[in-house]
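Residues per chain, in single letters:
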Amino acid sequence: MFRKILVANRGEIALRVMRTCREMGLATVAVYSDVDRKAPHVRYADEAYPIGRAPSTESYLRIDRILDVAKRCHAEAIHPGYGFLSENQEFARACAAAGILFVGPPASAMELMGSKTAARHAAIAAGLPVVPGVDRNLESFEEIRRVAEEIGYPVMLKAAAGGGGKGLRLVHAPGELESAWRNACSEAENAFGDASVYLEKYLDRPRHIEIQVLGDQHGHLIHLGERECSLQRRHQKVMEECPSPVVDEPLRRRMGETAVRIAQLAGYVNAGTVEFLVDQDRNFYFLEMNTRLQVEHPITELVVGIDLVREQLKIAAGERLALAQDDVRMHGAAIECRVYAEDPENNFFPSPGLITRLKTPSGPGVRDDSGVYEGWTVPLEYDPLLSKLAVWGRDRDEAIARMRRALAEYDVEGIKTNLAFFRRLLGHPDFVAGRLDTGLVDRALADGSGADRSRETEIAAMLAAALHATRTEPKASVQRAAMGESRWKIAGREALLDSWPRRERN
Amino acid sequence: MFRKILVANRGEIALRVMRTCREMGLATVAVYSDVDRKAPHVRYADEAYPIGRAPSTESYLRIDRILDVAKRCHAEAIHPGYGFLSENQEFARACAAAGILFVGPPASAMELMGSKTAARHAAIAAGLPVVPGVDRNLESFEEIRRVAEEIGYPVMLKAAAGGGGKGLRLVHAPGELESAWRNACSEAENAFGDASVYLEKYLDRPRHIEIQVLGDQHGHLIHLGERECSLQRRHQKVMEECPSPVVDEPLRRRMGETAVRIAQLAGYVNAGTVEFLVDQDRNFYFLEMNTRLQVEHPITELVVGIDLVREQLKIAAGERLALAQDDVRMHGAAIECRVYAEDPENNFFPSPGLITRLKTPSGPGVRDDSGVYEGWTVPLEYDPLLSKLAVWGRDRDEAIARMRRALAEYDVEGIKTNLAFFRRLLGHPDFVAGRLDTGLVDRALADGSGADRSRETEIAAMLAAALHATRTEPKASVQRAAMGESRWKIAGREALLDSWPRRERN
Amino acid sequence: MKFDIKLRAGTETTEHRLELPTGTANHASGGQLQFSLDGDATMRAADWAEVAPGVYSILLDGRSYEACVTVSPEATAAREFSVTVGTRQYSIELQDPRERRHGGITGAHQGPQEILAPMPGKIVKVLVEENQQVAAGAGLVVIEAMKMQNELRAPRPGRVEKVYVEAGVGVETGAKLVRLAS
Amino acid sequence: MKFDIKLRAGTETTEHRLELPTGTANHASGGQLQFSLDGDATMRAADWAEVAPGVYSILLDGRSYEACVTVSPEATAAREFSVTVGTRQYSIELQDPRERRHGGITGAHQGPQEILAPMPGKIVKVLVEENQQVAAGAGLVVIEAMKMQNELRAPRPGRVEKVYVEAGVGVETGAKLVRLAS
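Here the structure is a predicted model, which is why all the values come from computation and not from measurement. (Residues numbered from 1 in each chain as written. Chains lettered and ligands numbered in written order. Predicted model: local features only at pLDDT ≥ 70, side-chain atom pairs only at ≥ 80, totals over all residues. Heavy atoms only, no water.)

1. What about the overall build of chain A?
Put simply, the rule reads: Helix numbers and strand numbers start at the N terminus; a helix is a DSSP run of H or I with at least 4 residues, a strand a run of E with at least 2. Radius of gyration: C-alpha atoms only; globule rule: 2.2 Å multiplied by the number of residues to the exponent 0.38. Buried means the residue's accessible area, taken with a 1.4 Å probe over protein chains only, is under 20% of the maximum for its type, while exposed means over 50%, and partly exposed covers the values in between.
Counting its secondary structure elements, chain A contains 17 helices and 22 strands. Scaling as 2.2 N^0.38, a compact globule of 506 residues should have a C-alpha radius of gyration of about 23 Å, and chain A matches this with 26 Å. For chain A, the spread of C-alpha atoms along the principal axes amounts to about 85 × 55 × 50 Å. Across the 506 residues that make up chain A, the buried fraction comes to 61%.

2. Points about the overall build of chain C
Cut-off, in case you're wondering: Contacts between residues were defined by any pair of non-hydrogen atoms, one from each residue, lying within 4.5 Å. Working definition of accessibility: Shrake-Rupley area with a 1.4 Å probe, residue cover restricted to the visible protein chains.
Helix and strand counts for chain C come out as one helix and 16 strands. Within chain C, buried positions represent 46% of all 182 residues. Nonlocal contacts in chain C, meaning residues at least 24 apart in sequence, comprise 36% of its contacts between residues at least 6 apart. Surface exposure of chain C reaches about 8,700 Å², of which carbon and sulfur atoms provide 48%.

3. So, helix α9 (residues 249-265) of chain B
All names here are of chain B. We count it as follows: The span one expects for a helix is its residue count, reduced by one, times 1.5 Å.
Given a rise of 1.5 Å per residue, 17 residues ought to cover 24 Å, and the 24 Å separating the end C-alpha atoms of α9 matches this to within 8%. Buried within α9 are the following residues: Leu251, Arg252, Met255, Gly256, Thr258, Ala259, Val260, Ile262 and Ala263. Where α9 is buried, its residues contact α5 (107-114), β9 (207-215), β10 (221-233), β12 (270-278) and β13 (284-290). Gly267, located one to two residues past α9, shows a positive phi value of around 60 degrees.

4. With respect to the environment of Glu90 of chain B
All names here are of chain B. On the secondary structure map, Glu90 appears in helix α4 (residues 89-97). Judged by relative accessible area, Glu90 falls into the exposed class, the value being 56%. Separated by 308 residues in the primary sequence, Glu90 and Glu398 place their C-alpha atoms 45 Å from one another.

5. Examining the sheet that holds strand β7 (residues 169-171) of chain A
Residues and elements named next belong to chain A. Let me state the cut-off plainly: Note on pairing: two strands pair once DSSP finds at least 2 bridges between them. For helices, the axis comes from a line fit to the C-alpha atoms of the stretch in contact; other axes are also lines fit to C-alpha atoms, and the angle between any two N-to-C directions lies between 0 and 180 degrees.
Spatial ordering of the open sheet is given by β7-β6-β8, a layout of three strands whose pairing is antiparallel. Two strands bound the open sheet, and with one partner strand each, they are β7 and β8 (197-201). Each strand axis lies, on average, 25 degrees off the axis of its neighbour in the sheet, ignoring direction. Inspection of the sheet shows strand β6 (residues 155-159) paired to β8 by five bridges, in the antiparallel sense. Note on β8: the bridge partner recorded for Lys158 is Tyr198. This element, helix α7 (residues 141-151), spans β6 and β8 of the sheet and lies at about 15 degrees to β8. Relative to β7, helix α8 (residues 177-192) is tilted by about 170 degrees, and along the sheet it contacts β6, β7 and β8.

6. A few points about the interface of chain A and chain C
To keep it simple, the criterion reads: Salt-bridge detection follows one rule: a side-chain nitrogen of Lys or Arg within 4 Å of a carboxyl oxygen of Asp or Glu. Polar contact criterion, stated in full: a pair of N or O atoms within 3.5 Å, where within protein one must be able to donate a hydrogen and the other to accept it, and residues adjacent in sequence count only if both atoms are side-chain atoms.
Of the residues lining the interface, 56 residues belong to chain A; the matching set on chain C comes to 69 residues. Taken together, the links from chain A to chain C amount to three salt bridges. Ionic pairing is found between Glu66 of chain C and Arg357 of chain A, a salt bridge with its closest N-O pair at 3.8 Å. Taken together, the connections running from chain A to chain C amount to five residue pairs in polar contact (both at pLDDT 80 or more). Residue assignment for the side of chain A that touches chain C shows that the elements contributing at least two residues are β16 (349-350), β18 (357-359), β22 (411-413), α16 (455-482) and α17 (487-504) of chain A.

7. A look at the side chain of His41 of chain A
Residues and elements named next belong to chain A. Relative to the assigned elements, His41 resides in helix α2 (residues 40-44). Taking the relative accessible area as the measure of exposure, His41 reaches 0% and is therefore buried. Apart from the residues lying within four places of it in its own chain, the contact partners of His41 are Asn9, Arg10, Gly11, Ala14, Leu15, Met18, Ala30, Val31, Tyr32, Asp36 and Tyr60.

8. Here's the deal with the sheet that holds strand β12 (residues 270-278) of chain A
Residue and element names in this part refer to chain A. Here eight strands make up an open sheet; going across it, the order is β13-β12-β9-β10-β11-β14-β21-β19 and the pairing antiparallel. Looking at the sheet topology across the chains shown, the edges are occupied by β13 (284-290) and β19 (366-370). Direction aside, the axes of adjacent strands within the sheet are offset by 25 degrees on average. Where helix α9 (residues 249-265) meets the sheet, it contacts β9 (207-215), β10 (221-233), β12 and β13, and its direction lies at approximately 105 degrees from that of β10.

9. Topic: the nonpolar core
Stated precisely, the cut-off is as follows: Here, nonpolar core means buried Ala, Val, Leu, Ile, Met, Phe, Trp, Tyr and Cys residues that are tied together by side-chain atoms lying within 4.5 Å of each other.
Judged by nonpolar contacts, the single largest core of 128 residues is most densely connected at Leu6, Ile78, Phe91, Leu231, Met239 and Phe431 of chain A together with Leu177 of chain C. Sort the elements by how many residues they give to this core and helix α1 (residues 11-23) of chain A lands first, with six residues. Among residues more than four places away in sequence, those in contact with Phe91 of chain A are Ala8, Ile63, Ile66, Leu67, Ile78, Leu85 and Phe102 of chain A. Residues Leu26, Ala77 and Leu224 of chain B together with Ile123 of chain D belong to the second largest nonpolar core, which totals 127 residues.

10. Here we look at the interface of chain D and chain A
Quick note on the threshold: Defined in terms of a 1.4 Å probe, buried area is the accessible area two parts forfeit on being brought together, summed over both.
Each partner contributes residues to the interface: chain D has 15 residues there, and chain A has eleven residues. Taken together, the two surfaces of chain D and chain A that pack against each other cover about 1,000 Å², and 39% of this comes from carbon and sulfur. Residue Glu47 of chain A pairs with Arg63 of chain D through a salt bridge whose shortest N-O separation is 3.8 Å. Our count for the chain D to chain A interface comes out at nine residue pairs in polar contact (both at pLDDT 80 or more).

11. Focus on the packing of aromatic side chains
For clarity, the cut-off: Stacked, edge-to-face and tilted labels apply to pairs of Phe, Tyr and Trp rings (six-membered ring for Trp) whose centres lie within 6.5 Å, assigned for plane angles under 30 degrees, over 60, and everything in between, in that order. Should the NZ of a Lys or the CZ of an Arg lie within 6 Å of a ring centre and within 35 degrees of the ring normal, that charge is described as sitting over the ring.
Enumeration according to the criterion identifies 22 aromatic pairs over all chains in this entry. Between Phe91 of chain B and Phe102 of chain B the ring centres are 5.9 Å apart and the planes differ by 85 degrees, which places this aromatic pair in the edge-to-face class. Here the residue Phe91 of chain B occupies a position in helix α4, and Phe102 of chain B occupies one in strand β5 (residues 101-102), the gap between them amounting to eleven residues. With a relative accessible area of 0%, Phe91 of chain B lands in the buried category. Residue Phe102 of chain B is classed as buried on the basis of its relative accessible area, which comes to 11%. Where Phe276 of chain B meets Phe286 of chain B, the ring centres are 6.5 Å apart and the plane angle is 70 degrees; that geometry is what we call edge-to-face. Here Phe286 of chain B lies in strand β13 and Phe276 of chain B lies in strand β12, a separation of ten residues in the sequence. A relative accessible area of 0% places Phe276 of chain B in the buried class. Each member of the aromatic cluster is reached from another via a ring pair, and the members are Tyr60, Phe84 and Tyr382 of chain A. It is Arg396 of chain A that lies over the ring of Phe431 of chain A; its NZ or CZ is 4.8 Å from the centre. Here the basic side chain of Arg233 of chain B rests over the ring of Phe348 of chain B, its NZ or CZ set 3.7 Å away from the ring centre.

12. Details of α7 of chain A
Residues and elements named next belong to chain A. Applied cut-off: Arc definition: it is the arc formed by the directions from the helix axis to the C-beta atoms.
Of the positions making up α7, those classed as buried are Phe141, Glu143, Ile144, Val147 and Ala148. In a view along the axis of α7, the buried residues occupy a sector of 155 degrees, so they form one face of it. As for α7, its buried residues are in contact with β6, α8 and β8. Gly152 lies just past α7 and shows a positive phi near 95 degrees.

13. Some thoughts on the packing of α4 of chain B against α5 of chain B
Packed helix pairs are characterised by how far apart their axes lie and by the angle those axes make with each other. Residues and elements named next belong to chain B. We apply this condition: These descriptions rest on fixed angle ranges, namely under 35 degrees for roughly parallel, over 145 for roughly antiparallel, 65 to 115 for roughly perpendicular, and the rest for oblique. Residue type decides the class: Asp, Glu, Lys and Arg count as charged, Ala, Val, Leu, Ile, Met, Phe, Trp, Tyr, Cys and Pro as nonpolar, and the leftover types, Gly among them, as polar.
Close contact between α4 and α5 brings their axes to 9 Å; oriented N to C, the two are set at 175 degrees. The orientation of α4 with respect to α5, classified from their angle, is roughly antiparallel. For the pair formed by α4 and α5, the contact residues are Gln89, Ala92 and Arg93 on the first element and Ala107, Ser108, Met110 and Glu111 on the second. Across the contact of α4 with α5, the residue classes break down as three nonpolar, two polar and two charged.

14. So, the environment of Gln132 of chain D
Residues and elements named next belong to chain D. Locating Gln132 in the fold gives a position in the loop between β10 (121-126) and β11 (133-134). The exposure class of Gln132 is partly exposed, given its relative accessible area of 31%. Through-space distance from the C-alpha of Gln132 to that of Thr13 is 34 Å; in sequence the pair is 119 residues apart. In contact with Gln132, not counting residues within four places along its chain, are Leu127, Gly158, Arg159 and Val160. A distance of 2.8 Å separates a polar side-chain atom of Gln132 from the backbone nitrogen of Glu129.

15. A look at the pairing of strand β8 (residues 88-95) of chain D
Residues and elements named next belong to chain D. Of all eight residues making up β8, six are buried, and the element is well covered by its neighbours. Summarising the sheet, strand β1 (residues 2-9) and β8 pair through five bridges and their orientation is antiparallel. When the bridges of β8 are listed, Ile5 appears paired with Leu94. Taking the residues between adjacent antiparallel strands as the criterion, strand β7 (residues 80-85) and β8 are bridged by two residues, where Gly86 takes a positive phi near 60 degrees.

16. Side note on the confidence of the model for chain C
Low pLDDT means the predicted coordinates in that region are not meant to be read closely. Residues and elements named next belong to chain C. Our working rule: Confidence per residue, as judged by the predictor, is encoded in pLDDT with a range of 0 to 100.
Looking at chain C, pLDDT values average 84 and 87% of them are 70 or higher. Confidence scores differ between elements of chain C, with helix α1 (residues 97-101) showing the lowest mean pLDDT of 57 and strand β5 (residues 55-60) the highest of 96. Counting interchain partners and residues more than four positions distant, the pLDDT-below-50 stretch residues 101-109 has six contacts. Of the two predicted TM-score estimates for the complex, the pTM is 0.86 and the ipTM is 0.85.

Below you can see the structure in the form of structure tokens.
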């Protein structure tokens, strides 16, 4: 095993990776941009080096600078986390060229699976099920229009190099196609430097279910069961659970075997995720493979009891997987909420800024993988993910009850978060019944926040505000005093201020 | 199931119980003493009522006041936590008389198991193994001396009504007997209102291993495996783990069956713990039964995946245990550290006071059941337990590595804690090898803290202190200004102050 | 002390008058208090304690509430607070009755409307020109923050009277973007 | 600025002199600084940032340290701090050289020794009388705090010159309990 590792990421995933590194006795190296000098990952690491200005193109995406740091401090390996350079083949190749282990799949597997159309080709060639659509990039609008007519509306436009919901557009009717295509191309160009898009049949209320796979450098590949990721907003996952309420043991085995075959096709090594759409009849279709750790990996860890980052590091060091497929057993149920800095009451606009108060949940069955702290200023340049809040319960009901309790304990002040939105979502009857689909989030939002008023709670709020106003105002006077006034004069004026409302009473 | 429950306790256990209540949708009622108005359990509960002055005899031990609150607010059940009234038969009877469910065993079982001598009698009569000793209370010193001679030194004096290490004295030689007896009687009288003591053979480096049992009101009793509690200081557990490194499946079955038989003898209902001593040849001897939830219950919860408080509440409501013995499976390993407000560098003296900074560990596999917060003043009247820090790992090695990581993340400032002591204990070769006995803690302490110095760390400390001094001193000047001086005069003086060290340089 | 209060919960706003005896809470960090709400002749009692700066534990007839008071980032009035009680959030504006007499809380502003940046970010695109007529819901400006592009839409139909920004510039929360005339 | 520093780690104490350019850290909440330790002619660089009140992130040649500085509860000197760096704890006393010249850090006190309460608590029992001779390790007083009785023992042999407390009274940290004459 290597001794020192650089984590080429920031925020909660950098911390999560470093935690396992510490447990394994590995020295950790952080890199940071100008606005991240006080970031938690810099505070947590054994070493930390600056790599440039705030925009990620000038720091966290700078392969040259990151490799330069790694060489200077003699890091033997690099963990890319997710996002940033995690799915960048050029980075994987540059690491190899520099003699540094890249904790992830070989560039060749990344290349094949990184292009959704190439991955589709491979799956179709192997006789595996895929969503109806075209398996090539579409360059002209004319071609797009023709294919959409062939497949039949609704259709989904997708960025070929995409992920994370960027460059995705759902099109219900021919009239919407052109503007959707323009937006998708532009977003894809911005996000990935590649404007290519392709087209797929849009399934009605499909479930989004993915299989975690793990493979070593010696050809041993296993799967670790599924995660249900159907709860999405703007094609971004917001809440995930494991196991899926609709996957039983036979379906799990079939999906797992398919996922392992796809990974084998790609010559896959390390942790990866094979995503499927599952229709109302529980038919499943290969969608894409994510060649990195997923945001939602903690729920698999909670249910199968395996530290995925630990496995990643051991695989990267060349160790053989100590696990056989039969060693993987699922216990209980886990749910994850992605706590974002965004305002659910204002169209989920991002809400960066200073966290003035942070109270995090804990106790039985609660895991908070956070990347922030009280007093931290969440920068506007990066992803708004503050924390991955995950819970484990003996069954789905216990996990739901526990997540509700954890959400009630969570308080973030100073910036807006989607915590209130999760509280509402967890109470939705469709969610409680396990009827999940990618439209549920929008339906829950449309149901409105309701006039859930409580007079006593409002009285408590008003009393607190009045107490606070009363208690904080004298301090303002003291500040004035520091600017050159006598303390005694101030005291006299305060007495006046205090007394006038009494006169007002009459 | 009832709807509202009073938790007759404080600190971390009150919070831990309330968390499960919330998950089950039960309204929670806190009671508090004068010094606990701002305590976490008051903040967490749905309702909170004062019950008297700080000394527990005037508040948390006042059966009358607690029942009065329960009746006034229509609580249907009372959870006693541990300590305080949890093993008080009178309280259990008073609850029954008031028509309030007591979440614990019937008073009769408490009575039988509450007296260690009666419990020994019962075990001996049933042919179960007990530690050699006398099975009756010894009133006179003459009798004590005679019995000690019969059994042979070393012997252990124990309070008949005891628990928690109070009223315990190890006696190596006849000359120490009298003073030890006096101290034990006086401590027992103070702690339990009962000065009775009895005598047992002291085993050489025994292991302290206990079995968790769970029984419903319909005669169904199961066990949930063992916890190893051999790491003790002054006969108080400091760190526990599950499973025990020396208990294999056959021994677990035998100890578990013995524990269930003892619980059956007592007509036991609800959660309880049967404690055994295990000698070097893995013979086990019944020691006592604790008729309540244990401090170390989280490690069983982590390994068997069952929420013990949830089971307690369901049992108290009359539900049948949904678990059969075969449903209980152990996964992985868990360790708990009891984080106390005490000073390991000063003979473990208690260290109450204001917590000026609190940084708690989180991330994969970490559970912190805390009863404090930053800004809370730990009162001197109660137990010094701040938090139960527990971790889970796939195996014992992973759990140890994780606990080390969690301890490194934990920081409490303002009061002293035993965190540094745990960090040392977790590195002790005997602990790492699983060679646990009740003397290991003292051996680890005797090994000394070592001169583990790091020049660079010391430089960082000195720079921080110098920066802090520089940064906090101008504020002192501002305060002076508020007392009547011109801001401009101060500014002039500060310039002077700033410049003189420069002159000093020459 | 008397406070005229505007309390906003979600989209609903209610007005209240709260009276506390003078001197309540001036020095201690907790205690008993008496209050009267909305002119109620009988005073009610509450027990309060400041458990952290700006965080108040309040017991009302035994029911335990915890209220976290912060100054609203978008506060315009001097005493406008954002208050979180458990999982509920309120916006609370305090005024003393005397101030109110001399001006007080004004009604919703009619006429031209300024469209403000809801968060700090970078203007990616301006979708309208000055003097252009727009429908309610029409896109005005696209802002990028935290790797997401967000389109700001017109809250009502109107004429674009002024465009304050151009693509590529950075803006802070509350910066004026566009003025809509009715 | 120069600081004469007494640094205590466990039972070991070392003395150092630290020099920082004047004005370092006066206003910003972080930045680069230069320092010289123990008269070293070459200055070293460090990067610092205050991440929370009294908590400093310090990068020394890329190594990341986090130091939490608090005023020692038992501080006697004006600038005596308790500093936690990761899992290590230090007691650090700062003095400027000028002060030192005019008095400075005094040596350990010889002669009679006051035995102080190490924590707040209640005196349960006084085990000695005035004028009694005691051996090192003999019990002096039993204090109860947090449900534990703790026996305070004589750190050295001597004569009990004075007993300040009696059973039943409450004491604060640092209260005088017993004076031992040598």
